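Structural description and commentary
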Amino acid sequence: MSPRYAIVVRAYPNSYRHECGDELVETANELADHRWSFRQARSLAFEGLRTRARISTNGSPRLVWANGIAVALGLWYLLRTAMPMTYLLGATGDVSGFSQSPRATMGFALVPLVGLVLTTRWPTAVLVTLTAIFAAIQAYQNDSRLFDHDDLVSALISQGAIIGLAWWLALRGQGRRAFSPPTAIVLLAAFVATSYVFDSPGVIEVLALLYIGLPILGLVMVTIDPRVLVAATTLWLLRTIWSVSMVLAFGIDDLLYLLMIAVPMLVTGIGTMLSRYGIRRLTTP
Amino acid sequence: MREPTYFVLLTLLGGPLHGYGIAKRAEALSEGRVRLAAGTLYGALDRLTDQGLISVDSEDLVNGRRRRYYRISQSGRQAVLAEVERMRSSVAVADNLSGGQAPAVAT
């Protein structure tokens with residue numbers, strides 16, 4: 001392969017590059033009169049990422065939605081479990097905010113996660129669902145920090161993420177192979193996880209990165225890989241539901257509570273519209 | 001249908017072409033307005049192939065590199081002609097509204 005566009009052509013999936021890489025580079029060379037062209041390089045890089053998204057979702061709008069939603073559910077679960085995880089790993093000695101038994105809480109949280117990794121069939125999905133519900137009730141009874149507040153609705157919503165992910169994987173029937181999130185989100189999740197463990201940067205910055213950074217990343221990538229914006233939108237939708245459950249539990253006595261619902265709703269609405277636009281761009285010629 | 005896609009299909013009405021040929025012919029037909037870069041071109045070709053509007057006609061080797069020729073399918077021909085008809089009726093509307101003062105377009 002000509003070295004001129006060898007790096008940018010790596011944006012394409014391996015199988016696609018092996019089959020068509022030489023032809024792509026040769027055409028780019030010819031169109032640029034055998035000179036380096038930023039326009040050609042940019043086109044190959046962006047279309048390579050777009051091809052990744054298209055191939056891993058078979059170009060189906062339904063699977064773009066499903067893939068993005070699954071990623072958001074995973075991130076949400078990560079956020080819910082990160083705090084007790086840092087305690088168990090010994091990264092923090094501060095247990096003031098935790099339940100009577102963070103170890104037990106974490107155990108209940110991890111069981112569905114292990115089940116999720118193994119989920120490819122309906123019986124496993126049912127088992128994950130039952131365990132997740134039991135974990136939510138258990139955490140509620142123990143006043144667990146895992147779900148931020150001693151509110152059963154909030155706990156169930158948090159565990160709903162793991163339940164939704166399990167059922168989606170079971171419906172797909174292909175297990176882990178079907179779960180191919182955008183690379184950008186995998187890196188972001190890894191960053192969030194390590195940030196929690198090492199507390200660098202702090203938890204607040206990490207949350208801001210997720211809730212503000214992810215929609216911005218999604219907007220930038222909307223015509224390249226709309227799954228990122230779908231994930232960001234779903235995360236804000238979960239945030240909306242969680243805020244509603246908080247308000248229902250504690251009542252509305254402050255403008256802040258209304259903002260807690262209005263802002264996530266607004267982001268969710270705009271994100272949904274733009275996601276639909278991005279998916280249409282990805283799947284239509 | 002986006003403009004690059006429209007011109008890709010139009011170029012293939014004249015017979016099978018390879019990627020570079022499609023890009024150069026689209027540029028000529030559009031009088032330089034549509035300049036397809038390699039990534040955009042093959043992205044459009046892949047999506048059109050997935051939708052059955054075009055297909056790979058043949059392959060040959062040039063300097064040891066594979067080169068695919070694409071041809072338009074019957075449904076692709078219908079799609080591009082439907083787009084032409086849609087644009088023609090849009091021009092007719094503009095003509096009516098402007099009393100025949102709308103600028104002439106090449107068809």
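This text gives an overview of the structure that appears in the document. All values derive from a computational prediction rather than experimental measurement. (Residues numbered from 1 in each chain as written. Chains lettered and ligands numbered in written order. Predicted model: local features only at pLDDT ≥ 70, side-chain atom pairs only at ≥ 80, totals over all residues. Heavy atoms only, no water.)

1. As for the overall build of chain B
- In terms of helices and strands, chain B carries four helices and three strands.
- Written out in order from the N terminus, the α and β elements of chain B read α-β-α-α-β-β-α.
- Across its three principal directions, the C-alpha atoms of chain B cover 60 × 25 × 20 Å.
- When contacts within chain B are restricted to residue pairs at least 6 apart in sequence, long-range pairs at least 24 apart make up 46% of them. (Helix = DSSP H or I, 4+ residues; strand = E, 2+ residues; numbered from the N terminus. Contact = heavy atoms within 4.5 Å.)

2. A look at the overall build of chain A
- Helix and strand counts for chain A stand at ten helices and zero strands.
- Scanning chain A from its N terminus toward the C terminus, one meets helices and strands in the order α-α-α-α-α-α-α-α-α-α.
- The contacts in chain A between residues at least 6 apart in sequence include a share of 70% that link residues at least 24 apart.
- Element-wise, carbon and sulfur atoms account for 66% of the exposed surface of chain A, whose accessible area totals about 13700 Å². (Areas by Shrake-Rupley, 256 points an atom, 1.4 Å probe, with all protein chains shown as cover.)

3. Considering the interface of chain A and chain B
- In this assembly, 25 residues from chain A lie in contact with 24 residues from chain B.
- At the boundary of chain A with chain B, total buried surface from both sides reaches about 2300 Å², with 46% on carbon and sulfur atoms.
- Summed over the shared surface of chain A and chain B, the number is six salt bridges.
- For the salt bridge of Arg67 of chain B with Glu30 of chain A, the shortest nitrogen-to-oxygen distance reads 2.8 Å.
- In this structure, the connection of chain A to chain B is made through 13 residue pairs in polar contact (both at pLDDT 80 or more).
- Among the secondary structure elements, those contributing two or more residues to the side of chain A that touches chain B are helix H1 (14-31), helix H2 (38-56) and helix H10 (255-283) of chain A.
- Of the residues forming the side of chain A that touches chain B, the biggest block, eleven residues, is contributed by H1 of chain A.
- By residue class, the composition of the side of chain A that touches chain B is nine nonpolar, six polar and ten charged. (Buried area = accessible area lost by both parts, 1.4 Å probe. Salt bridge = Lys/Arg side-chain N within 4 Å of Asp/Glu carboxyl O. Polar contact = N/O pair within 3.5 Å; in protein donor to acceptor, adjacent residues only side chain to side chain. Nonpolar A, V, L, I, M, F, W, Y, C, P; charged D, E, K, R; others polar.)

4. A word on the packing of aromatic side chains
- The full count for this structure, using the stated rule, is four aromatic pairs over all chains.
- Here the aromatic rings of Tyr5 of chain A and Trp36 of chain A are separated by 5.3 Å at their centres, their planes lie at 25°, and the arrangement is stacked. You can see Tyr5 of chain A sitting in the segment before H1 and its partner Trp36 of chain A sitting in the loop between H1 and H2, a full 31 residues away along the chain.
- Here Tyr6 of chain B and Phe7 of chain B contribute two aromatic rings whose centre-to-centre distance is 5.3 Å and whose plane-to-plane angle is 80°, an arrangement assigned as edge-to-face. Each member of the pair Tyr6 of chain B and Phe7 of chain B is classed as buried.
- Above the ring of Tyr211 of chain A, the side-chain terminus of Arg239 of chain A is found at 5.2 Å from the ring centroid. (Phe/Tyr/Trp six-rings, centres within 6.5 Å; stacked < 30°, edge-to-face > 60°. Buried < 20%, exposed > 50% of the residue type's maximum accessible area, 1.4 Å probe, protein only. Lys NZ or Arg CZ within 6 Å of the ring centre and 35° of its normal.)

5. Overview of the environment of Arg280 of chain A
Residue and element names in this part refer to chain A.
- Looking at where Arg280 falls in the secondary structure, it is placed in helix H10.
- Classification of Arg280 by relative accessible area gives partly exposed; the value is 49%.
- Spatially, the C-alpha atom of Arg280 lies 9.0 Å from that of Thr223, the residues being 57 residues apart in sequence.

6. What to know about the sheet that holds strand S2 (residues 54-62) of chain B
Residues and elements named next belong to chain B.
- Pairing is antiparallel across the open sheet formed by three strands, whose spatial order is S1-S3-S2. The sheet is open, and its two edges are formed by strand S1 (17-18) and S2, each paired on a single side.
- Here two bridges tie S1 to strand S3 (residues 65-72), and the two strands are oriented antiparallel to one another. Opposite Leu17, over in S3, you have Tyr70 as the bridge partner.
- Along the sheet, helix H1 (residues 3-12) makes contact with S1, S2 and S3, crossing S3 at roughly 90°. (Pairing = 2+ DSSP bridges. Axes fitted to C-alpha atoms, helices over the stretch in contact; angles between N-to-C directions.)

7. A few points about the pattern of salt bridges
- Applying the stated rule across the entire model yields 14 salt bridges over all chains.
- Between Arg54 of chain A and Asp46 of chain B there is a salt bridge, with the nearest N and O atoms lying 3.4 Å from each other. With Arg54 of chain A in helix H2 and Asp46 of chain B in helix H3 (residues 38-50), this residue pair bridges two chains.
- Arg54 of chain A is the partner of Asp50 of chain B in a salt bridge, and the nearest nitrogen-oxygen pair spans 2.9 Å.

8. A few points about H3 of chain B
Residues and elements named next belong to chain B.
- The end-to-end C-alpha separation of H3 is 18 Å, in line with the 18 Å expected for 13 residues at 1.5 Å each.
- Of all 13 residues in H3, ten are buried; the element is thus mostly enclosed.
- Within H3 the residues assigned to the buried category are Ala38, Gly39, Leu41, Tyr42, Gly43, Ala44, Leu45, Asp46, Arg47 and Leu48.
- Looking one or two residues past H3, Gly52 carries a phi angle of roughly 75°, positive in sign. (Expected span 1.5 Å × (residues − 1).)

9. Here we look at the pairing of S2 of chain B
Residue and element names in this part refer to chain B.
- Sheet analysis places S2 next to S3, joined by eight bridges and oriented antiparallel. Following the sheet pairing, Ser58 is matched in S3 by Tyr69.
- Between the end of S2 and the start of S3, which pair antiparallel, lie two residues, with Asn63 showing a positive phi angle near 55°.

10. Re H2 of chain A
Residue and element names in this part refer to chain A.
- For H2, with 19 residues, the first-to-last C-alpha span of 27 Å sits near the 27 Å given by 1.5 Å per residue.
- Within H2 the residues assigned to the buried category are Gln40, Ala41, Ser43, Leu44, Glu47, Gly48, Arg50, Thr51, Ala53 and Arg54.
- Where H2 begins, the side chain of Ser37 points an oxygen toward the backbone nitrogen of Arg39, at a separation of 3.3 Å.
- Of the residues one or two after H2, Asn58 is the one with positive phi, at around 55°.

11. Side note on the environment of Val80 of chain B
Residues and elements named next belong to chain B.
- Relative to the helices and strands, Val80 resides in helix H4 (residues 74-98).
- Given the relative accessible area of 0%, Val80 is considered buried.
- Between the C-alpha atoms of Val80 and Ser58, which are 22 residues apart in sequence, the distance is 22 Å.
- Setting aside residues no more than four positions away along its own chain, Val80 makes contact with Met1, Tyr6, Leu9, Leu10, Leu13 and Ile72.

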